[in-house]
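# Structural overview for review
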Amino acid sequence: MRNPDYKVALIVPVYNEHETVETFVKTVNEKLAAEIEHIEIVFIDDGSSDNTVELIEKLQKNDKKISLIRLSRNFGKEAAMSAALDLVQSDAIVPIDVDLQDPPELVLEFIRIWRDEGIDTVYGVREDRSSDTNTKRVSSEGFYYVFNKMSGKVKIPSNVGDFRLIDRKIIDILKTLKERNRFMKALYAWPGFSSKGVGYTRPERVAGETKWNYWKLWNFALDGIFAFSSLPLKVWSYIGGFIGLLSLIYMTWNIFKTMIFGNPTAGYTTLICVILFLGAVQLISIGILGEYVGRLSQEVKGRPVYVAQSITGPLAKKIPQGISSTEVGIAYNSNENSVKKLTSKEEVKA
Ligand code: UDP
Ligand code: MG
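From a predicted model like this one, the values you see are computed outputs, not experimental measurements. (Residues numbered from 1 in each chain as written. Chains lettered and ligands numbered in written order. Predicted model: local features only at pLDDT ≥ 70, side-chain atom pairs only at ≥ 80, totals over all residues. Heavy atoms only, no water.)

Right, let's talk about the site of ligand 1 for a bit. Among the 18 residues in the neighbourhood of ligand 1, the closest are listed as E17, D46, D99, T210 and K211. At 2.7 Å, a side-chain N or O of D99 approaches an oxygen atom of ligand 1. R202 places a polar side-chain atom, nitrogen or oxygen, 3.4 Å from an oxygen atom of ligand 1. Bound to the protein, ligand 1 loses 93% of the 540 Å² it would expose on its own. (Near = heavy atom within 4 Å. Polar contact = N/O pair within 3.5 Å; in protein donor to acceptor, adjacent residues only side chain to side chain. Areas by Shrake-Rupley, 256 points an atom, 1.4 Å probe, with all protein chains shown as cover.)

Shown next, in the form of structure tokens:
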């Protein structure tokens, strides 16, 4: 059974969210923290250029359960969440969007299932997606289908985002995964253990605008597929084999035709079609190689996934002072000394 003094941390990546942070904290306090006292809020500022940080610092003064991890620039949502997984120490964490598209009151149900039924991952399933456009719904359905067909043993349930409760045991396993290309949806599923879905209706954003466009989503989908499947790499031997077989049949047929009817030098159309078609096939296959080689080079370089420039709030007391560097990132706990230490280390390297 779970520790009776358990803490559940909401991890909230924020990037230019001055319009939503205050409403978020107010709603969490009214609908969640008023019901149970085990809640912490950890914001991860992903290099916002508006006054998001000032607003959070203001909220921190009156609310002792709010911590803030500030990344040193915009690293992206996946990196921001990796930072939180790495640094937050609570018994369970819940990645949640600040725009209230993930209803905070549902966390009560997550906690109940985790605490009373002993389930290790409780995830939210978007049952009604009428707030999303048709194109977004269809493309996301398509993505889940293709991903699950290609990914082998790691399956992600469809209509499930990052909104879920994850037990400490799984977080500790996730912390040992060293990869730089962090497609969190599938990484969450990778350790296994028991899981259960809870349905909900996804409302519209309370304020502000989505940070995703179709080009970003497309690249996000590619990240997922190339990180979890090597099928695109292997399929070319089959395509090559198939085309080879067709050419063999065509060649045999041409030899016989020439032997019987002679050669009137026709066939320009066939020739140009074959050349262009094979050219395209070769370019695509080189492109796919490029996708993997590009990602390999990122992994080999092994650069940290995130750099946290400061940590404030209750979390700061639980993390060692100064610089700490883990498998995936670098964080330093904001005090004068740690900043000095980092500068001197940088100077030595230079
Ligand atoms: N976000 C982030 N870094 C980014 C982009 C987004 O931390 O580079 C955060 C954003 O502040 C929000 C969450 O990720 O809390 C989800 O973003 P958004 O609502 O734009 O995505 P959607 O709900 O449309 O998928
Ligand atoms: Mg959103």
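Read on for the rest.
This part takes up the packing of aromatic side chains. With the rule as written, the count across this model stands at eleven aromatic pairs. Geometrically, the ring pair formed by F226 and Y292 is edge-to-face, given 5.0 Å between the ring centres and 75° between the ring planes. One end of the pair, F226, is in helix α8 (residues 214–228); the other, Y292, is in helix α10 (residues 268–301), with 66 residues separating them in the sequence. Side by side, F226 and Y292 carry an identical accessibility label, which is buried. By the ring-pair criterion, three or more aromatic residues cluster together here, those being F143, Y144, F147, F183, F220 and F228. Above the ring of F75, the side-chain terminus of R73 is found at 3.9 Å from the ring centroid. (Phe/Tyr/Trp six-rings, centres within 6.5 Å; stacked < 30°, edge-to-face > 60°. Helix = DSSP H or I, 4+ residues; strand = E, 2+ residues; numbered from the N terminus. Buried < 20%, exposed > 50% of the residue type's maximum accessible area, 1.4 Å probe, protein only. Lys NZ or Arg CZ within 6 Å of the ring centre and 35° of its normal.)

Buried within helix α1 (residues 21–33) we find V21, F24, V25, T27, V28 and L32. One face of α1 carries all of its buried residues, which in axial projection span an arc of 165°. Packing partners of the buried residues in α1 comprise β1 (8–14), β2 (39–45), α2 (52–62), β3 (66–71) and α4 (106–116). (Arc of directions from axis to C-beta. Contact = heavy atoms within 4.5 Å.)

Turning next to the packing of α8 against α10. Interaxial distance between α8 and α10 falls to 11 Å at its minimum, and their mutual angle equals 80°. One finds that α8 runs roughly perpendicular with respect to α10. Across the interface between the two elements, L222, D223 and F226 from α8 touch I288, E291, Y292 and R295 from α10. Here the contact of α8 with α10 is built from residues that sort into four nonpolar, no polar and three charged. (Axes fitted to C-alpha atoms, helices over the stretch in contact; angles between N-to-C directions. Parallel < 35°, antiparallel > 145°, perpendicular 65-115°, else oblique. Nonpolar A, V, L, I, M, F, W, Y, C, P; charged D, E, K, R; others polar.)

Turning our eyes to something else, we now look at the pairing of β1. Within β1, seven of the seven residues are buried, which leaves the element mostly enclosed by the surrounding structure. Note that β1 and β2 share seven bridges and pair parallel. Its bridge partner being in β2, I11 is matched across the sheet by V42. Following the backbone out of β1, through α1 and into the adjacent parallel β2, one traces a crossover that is right-handed. Inspection of the sheet shows β1 paired to strand β4 (residues 92–95) by four bridges, in the parallel sense. Each residue of the ladder has a partner; that of L10, found in β4, is V94. (Pairing = 2+ DSSP bridges. Right-handed = clockwise from strand over helix to strand, strands pointing away.)

Moving on, we come to the sheet that holds β4. Reading across the sheet, the ten strands line up as β7-β5-β6-β4-β1-β2-β3-β8-β10-β9 and stay open at both edges, with mixed pairing between neighbours. Strands at the two margins of the open sheet, each flanked by one partner only, are β7 (195–201) and β9 (322–325). On average, each strand axis in the sheet is tilted by 25° relative to the strand beside it, whichever way the strands run. As defined by bridge partners, β4 adjoins strand β6 (residues 160–167) across two bridges and the pair is classed as antiparallel. Of the residues in β6, the one forming a bridge with A92 is D167. Lying over the sheet, α2 contacts β1, β2, β3 and β8 (306–312), oriented at roughly 155° with respect to β3.

Our next topic: the UniProt feature "transmembrane region" (unreviewed entry) in the protein. Within this numbering scheme, the UniProt entry marks residues 235–256 and 268–293 as carrying the feature "transmembrane region" (unreviewed entry). Across residues 235–256, the secondary structure splits into 100% helix and 0% strand, with the terminal C-alpha atoms separated by 32 Å. Taken end to end, residues 268–293 has its terminal C-alpha atoms 37 Å apart, with 100% of it in helix and 0% in strand. (UniProt positions renumbered as here; feature names shortened; annotations may be inferred.)

On to the coordination of the magnesium ion (ligand 2), then. Each donor-metal-donor angle would ideally measure 109.5 degrees in four-coordinate tetrahedral geometry, or 90 or 180 degrees in six-coordinate octahedral geometry. Looking at the magnesium ion (ligand 2), one finds its protein donor set to be D99 (OD) and Q101 (OE1), positioned 1.9 to 2.1 Å from the metal centre. The same class applies to D99 and to Q101, which are both buried. (Donors = N, O, S within 2.8 Å, 3.2 Å for Na, K, Ca; no water.)

Turning to the UniProt feature "domain: Glycosyltransferase 2-like" (unreviewed entry) in the protein, a few remarks are in order. The feature "domain: Glycosyltransferase 2-like" (unreviewed entry), as annotated in UniProt, sits at residues 10–171 in this numbering. Strand forms 23% of residues 10–171 and helix 41%; the C-alpha atoms that close the span are 14 Å apart.

With that settled, consider unusual backbone geometry. Leaving glycine aside, a negative phi is the common case for residues, and trans is the common case for peptide bonds. For L100, which is not a glycine, the phi torsion comes out positive at approximately 65°. In this fold, L100 is placed in the loop between β4 and α4. Of note, N159 is a non-glycine position whose phi angle comes to about 60°, a positive value.

Before going further, it helps to spend a moment on the pattern of salt bridges. Using the criterion set out here, one finds 16 salt bridges in the structure. Among the salt bridges present, the one from D116 reaches R115, with a minimum N-O distance of 3.0 Å. On the basis of relative accessibility, which here comes to 28%, the residue R115 falls in the partly exposed class. Look at the salt bridges and you will find they share partners, linking K77, D97, D102, D162 and R202 into a network. (Salt bridge = Lys/Arg side-chain N within 4 Å of Asp/Glu carboxyl O.)

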